[in-house]
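Structural description and commentary
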Amino acid sequence: MVATTNVDGSNPGPNVVTLPDTVQYPIGNVWKIGTFAIALTPAAVATVTAPIQNFAATGIGLQVGDQVDVSPPSATANVALCSAWVSAADQLSIQWVNPTTGSLTPPAGNYTVAVLRRLPEWNNGGALQMDW
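Residues numbered from 1 in each chain as written. Predicted model: local features only at pLDDT ≥ 70, side-chain atom pairs only at ≥ 80, totals over all residues. Heavy atoms only, no water.

1. Brief notes about the sheet that holds strand S4 (residues 80-88)
In spatial order, the strands read S2-S5-S4; together these three strands make up an open sheet with antiparallel pairing. Of all strands in the sheet, those with a lone pairing partner are strand S2 (52-56) and S4, marking the two edges. Strand after strand, the sheet turns through a mean of 25 degrees between neighbouring axes, direction not considered. Alignment of S4 against strand S5 (residues 91-97), held across seven bridges, turns out to be antiparallel. Note on S5: the bridge partner recorded for Ala88 is Gln91. (Pairing = 2+ DSSP bridges. Helix = DSSP H or I, 4+ residues; strand = E, 2+ residues; numbered from the N terminus. Axes fitted to C-alpha atoms, helices over the stretch in contact; angles between N-to-C directions.)

2. Concerning the side chain of Thr76
In this fold, Thr76 is placed in the loop between strand S3 (67-71) and S4. A distance of 2.5 Å separates a polar atom in the side chain of Thr76 from the backbone oxygen of Val79. Beyond its immediate sequence surroundings of up to four residues, Thr76 is in contact with Trp96 and Pro107. (Polar contact = N/O pair within 3.5 Å; in protein donor to acceptor, adjacent residues only side chain to side chain. Contact = heavy atoms within 4.5 Å.)

3. Quick look at the confidence of the model for the chain
Mean pLDDT for the chain: 82, with 70% of residues reaching 70 or above. When pLDDT is averaged over each element of the chain, S2 comes out on top at 98 and strand S1 (residues 30-40) at the bottom at 92. (pLDDT = per-residue confidence, 0-100.)

4. Structural notes on the side chain of Ser93
Within the secondary structure, Ser93 sits in strand S5. Look at Ser93 and you get buried, because its relative accessible area is 1%. One polar contact links Ser93 to Ser87, side chain to side chain, over a distance of 2.6 Å. Ignoring anything within four residues of it in the chain, the contact list for Ser93 reads Ile52, Gln53, Asn54, Ser83, Ala84, Trp85 and Ser87. (Buried < 20%, exposed > 50% of the residue type's maximum accessible area, 1.4 Å probe, protein only.)

5. Observations regarding the nonpolar core
Counting residues in hydrophobic clusters, the biggest one holds 17 residues, and the most contacted among them are Leu40, Leu62, Val68, Val70, Leu92, Ile94 and Val113. Of all the secondary structure elements, the ones that give two or more residues to this core are S1, S3, S4, S5 and strand S6 (109-118). When residues no more than four places from it in sequence are discounted, the contact partners of Val70 are Leu81, Ala84, Leu92, Ile94, Tyr111, Thr112 and Val113. (Core = buried A, V, L, I, M, F, W, Y, C linked by side-chain atoms within 4.5 Å.)

So, in structure tokens, the structure goes:
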């Protein structure tokens, strides 16, 4: 049992068989979290450009507004993955940057995509964004 602090500040410790008087749960506005492997084959990125490439991400259920973190399957060798977002339902958009003097192609393979989705009823206009 994980130790949880009681309202009076005492800590019953992990060896106590009774539950504390108040269990404190984590709070925040993240509703769903997931990581997925998506097979991508990016196109070549021309010299000194920062193009956006769109990829179908069917079967995951990506929604506009999801926060995504994308990791390539290997080093990107002088071409940088600088931004990623969900641009439409089931569509992942990635912006690449190639600052070199030649065309480069990001690696093809299984990219790891971590997705965070906030609570649908979360009020972004309220005075308190987090209940600390």
